[in-house]
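Breakdown of the fold
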Amino acid sequence: MTMGVRSIESSISAIANVGGSLVYLAASVISAGVLHPILAPVVMLAVVPNLWASARAAKLAYASYLATIARSRRLSVASGLLTDRETAAEMRASTAGSALLAEYGRISDALTREAVRVALAQTRVRLTGRMMAGIGTGGGYAILGLLLYVGWLALPLAGTAVVAMRLATSALTSTMMGIKNLYEDTLYVNLYTRLLDMTRSRTRPAVPRQVAAPELITVEAVGFSYPGQDEPALRDVSLTIAKGQVVALVGENGSGKSTLGKLITGLYQPTSGRVCWDGADLAEIDEEAVYQRIALVSQDPARWPMTAYDNIRMGRIDREHGLSVADAARESGADQVIAELPDGYQTLLSRLFSSGRDLSGGQWQRISVARGIYRDAPVLVVDEPTAAMDARAEHEVFESLRRLGAGGRTTILITHRLANVQHADQIVVLDHGRVTEHGSHQELMALDGTYASLFTLQASAYAPAEF
């Protein structure tokens, strides 16, 4: 994308240069043609080979760029892993530094070999072009000498013709170089436009239809497949959620819980089936209007390089009235985290700055929960919000979520800790993208299926040990 944007800018400059060179070229070629008609095409003999060589070299560079872009990205990833503070401790503890350095060196060597290969290929092409241009230049002067020998061109005019040919050759060379640069830029601009077309094909069209806080959410025979994945993440999932309900999505890793949560809130569009809010298909509703009605609390929340106050306010940064940042922090327990910071709410939460502070994973999750509460949206998706919290903090967060549900907010809870879903209105058990069990805690325990097995397994860890 960056190359495409740069090429658009440079192609505009190239068009201007080519336009000026064409005027200069036309004047020079016409001048040579006035002296003798055969001199006009003779001028081309010295430049056309260089044009071919430049175009061929540009194609080689473009093909190499496409072939190495993945390696360049991998090199950047390896460099980040070696230098990022987030991975530094684990890299040392696992003695992975030498392996990462070896990987970095291997990719660098491969990119260097490719750069040398392309440079040699371009050199051969340009050498061939210049040899042909030299032959063309010699042929041009030979033709000029022949015209002088047979008397078709007077000696004074022959001298003038030499000057005209040099001027025409210079003008043509400048023009051809401009065209070459324009051609090279066009390759990257075409790639850029193809990427934009791909983006448009994956973007929902803007629709004027708006939506209010949903009274009823229905998931109708929904299926979803990630791009490039053969196995669908969800298959034929149907579900009905009433306003104010707490719905728990449980299952093993990779069962489709997080994907279903994103489909319910319109963050993803289903491959098949549909998701409706009060009977209206989300695909036919303005996506910004949907996003205004949802809040997302994820397991790995965004760590904005801002103050603690602004980190919570990012939940709905345009708010002027209603729930305050302090209220959201108190409800989530984040106020306890902020109280320990040197400047309280004004503490900068980023080690990118010398005065910044960092938080633990559990502390960041509390900030994230506060952000979701501050957003005060009618539909809340909570995806493993307490994975890094201690038991007391986890209990406080889930108590807060229960109070929010009692206030009429619809909550989609995704978690592996089944002790926290006993009071959910609905528990949906997913396995390999399918709903295998559905009901309340009591109903699923009576069913004695997957949920009962997982719940009993987790509960056994807290049973008194027998000696």
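Residues numbered from 1 in each chain as written. Predicted model: local features only at pLDDT ≥ 70, side-chain atom pairs only at ≥ 80, totals over all residues. Heavy atoms only, no water.

**What to know about the overall build of the chain**
A tally of regular secondary structure across the chain gives 15 helices and 10 strands. Expressed as a percentage of the 467 residues in the chain, the buried residues total 40%. For the chain, long-range pairs separated by at least 24 residues make up 72% of all intrachain contacts whose partners lie at least 6 apart in sequence. In the structure as shown, the chain presents an accessible area of about 25,100 Å², 58% of it carried by carbon and sulfur atoms. (Helix = DSSP H or I, 4+ residues; strand = E, 2+ residues; numbered from the N terminus. Buried < 20%, exposed > 50% of the residue type's maximum accessible area, 1.4 Å probe, protein only. Contact = heavy atoms within 4.5 Å. Areas by Shrake-Rupley, 256 points an atom, 1.4 Å probe, with all protein chains shown as cover.)

**Describing the packing of helix 10 (residues 325–332) against helix 12 (residues 361–375)**
It is the contact of helix 10 with helix 12, at a shortest axis distance of 8 Å, that shows an interaxial angle of 125 degrees. With respect to each other, helix 10 and helix 12 are oriented oblique. Regarding helix 10 and helix 12, the two cross each other, and that crossing is right-handed. Taking contact as the criterion, the partners of Val325, Ala328, Ala329, Glu331 and Ser332 in helix 10 are, on helix 12, Arg366, Val369, Ala370, Ile373 and Tyr374. Counted by class, the contact of helix 10 with helix 12 contains 7 nonpolar, 1 polar and 2 charged residues. (Axes fitted to C-alpha atoms, helices over the stretch in contact; angles between N-to-C directions. Parallel < 35°, antiparallel > 145°, perpendicular 65-115°, else oblique. Left-handed = near helix turned anticlockwise from the far one by under 90°. Nonpolar A, V, L, I, M, F, W, Y, C, P; charged D, E, K, R; others polar.)

**Here we look at a nonpolar patch on the surface**
A contiguous nonpolar surface patch, about 530 Å² in accessible area, is contributed by Leu146, Tyr149, Val150 and Trp152. Looking at where Val150 falls in the secondary structure, it is placed in the loop between helix 5 (97–149) and helix 6 (155–201). (Patch = residues over 30% accessible without salt bridge, like charges linked within 9 Å, V, L, I, M, F, W, Y side chains within 5 Å. Salt bridge = Lys/Arg side-chain N within 4 Å of Asp/Glu carboxyl O.)

**Some words on the side chain of Lys257**
Note on placement: Lys257 falls in helix 7 (residues 257–264). No salt bridge forms around the buried Lys257; measuring N to O, its nearest opposite-charge neighbour Glu384 is 5.7 Å away. Contact partners of Lys257, with chain neighbours within four places excluded, come to Leu249, Val250, Gly251, Glu252, Ile414, His416 and Leu430. (Lys, Arg positive; Asp, Glu negative; His and termini not counted.)

**Structural notes on the sheet that holds strand 5 (residues 280–281)**
Strand order in the open sheet made by the 4 strands is 2-1-4-5, with antiparallel pairing throughout. Each end of this open sheet is capped by a strand with a single partner; those strands are strand 2 (234–242) and strand 5. Of the pairings in the sheet, the one linking strand 4 (residues 272–277) to strand 5 comprises 2 bridges and is antiparallel in character. The partner of Trp277 across the bridge, within strand 5, is Ala280. (Pairing = 2+ DSSP bridges.)

**Side note on the sheet that holds strand 9 (residues 426–431)**
Strand pairing in a sheet is mediated by backbone hydrogen bonds. Such pairs are either parallel or antiparallel. Strand order in the open sheet made by the 6 strands is 6-7-8-3-9-10, with mixed pairing throughout. What marks the edges here is a single partner per strand, and that holds for strand 6 (294–297) and strand 10 (434–439). In this sheet, adjacent strand axes meet at a mean angle of 15 degrees when their direction is disregarded. Across 5 bridges, strand 7 (residues 379–383) lies against strand 8 (residues 410–414) in parallel orientation. Residue pairing in the sheet places Val381 in a bridge with Ile412 of strand 8. Contacts between helix 7 and the sheet are confined to strand 3 (246–251), strand 7, strand 8 and strand 9, with strand 3 contributing the most and set at about 150 degrees to the helix.

**Some words on the pairing of strand 10**
Across 5 bridges, strand 9 lies against strand 10 in antiparallel orientation. Pairing of Asp431 across the sheet is with Arg434, part of strand 10. Between strand 9 and the antiparallel strand that follows it, strand 10, lie 2 residues; His432 among them carries a positive phi value of about 50 degrees.

**As for the layout of surface pockets**
Estimated volume of the largest pocket: approximately 460 Å³. Lining the largest pocket we find 19 residues, and of these Ile294, Leu296, Met314, Gly315 and Arg375 sit closest to its centre. Mapped by element, the contributors of at least two residues to the lining of the largest pocket are strand 6 and helix 12. By residue number, the principal contributor to the lining of the largest pocket is helix 12, which donates 4 residues. Partitioning the lining of the largest pocket into residue classes produces 10 nonpolar, 5 polar and 4 charged. (1 Å grid on protein atoms, 1.4 Å probe; cavity = no way out; pocket = protein on both sides within 12 Å on 5 of 7 lines; lining within 4 Å. Points joined across faces, edges and corners; volume = space filled by probe spheres on them.)

**Observations concerning the environment of Gly344**
Its place among the elements puts Gly344 in the loop between helix 11 (334–339) and helix 12. Separated by 35 residues in the primary sequence, Gly344 and Tyr309 place their C-alpha atoms 8.5 Å from one another. Discounting residues that sit within four places of it in the chain, Gly344 has contacts with Ala308 and Ile338.

**A closer look at the confidence of the model for the chain**
Put simply, the chain has an average pLDDT of 80, and 78% of its residues get 70 or more. For the chain, helix 1 (residues 2–35) is the element with the lowest average pLDDT, namely 66, and strand 1 (residues 216–224) is the one with the highest, namely 94. (pLDDT = per-residue confidence, 0-100.)

**Here's the deal with the packing of aromatic side chains**
Counted under the stated rule, the structure contains 5 aromatic pairs. Taken together, a centroid distance of 4.8 Å and an interplanar angle of 90 degrees make the contact between Phe224 and Tyr226 edge-to-face. Aromatic side chains Tyr226 and Tyr268 sit 5.9 Å apart centroid to centroid with 90 degrees between the ring planes, which places their arrangement in the edge-to-face category. With a gap of 42 residues between them, Tyr226 in the loop between strand 1 and strand 2 and Tyr268 in the loop between helix 7 and strand 4 connect regions that are remote in the sequence. Among the residues examined, Tyr268 registers a relative accessible area of 25% and is labelled partly exposed. A connected cluster of aromatic rings, assembled from ring pairs, spans Phe224, Tyr226 and Tyr268. (Phe/Tyr/Trp six-rings, centres within 6.5 Å; stacked < 30°, edge-to-face > 60°.)

**Points about unusual backbone geometry**
Residues other than glycine seldom take positive phi values, yet Asp236 does so here, at roughly 50 degrees. In this structure, Asp236 sits in strand 2. On the basis of relative accessible area, Asp236 is assigned to the exposed category, the value being 55%. Of note, Asp376 is a non-glycine position whose phi angle comes to about 55 degrees, a positive value. Mapped onto the secondary structure, Asp376 falls in the loop between helix 12 and strand 7. Of the residues examined, Asp376 reaches a relative accessible area of 42% and is grouped as partly exposed.

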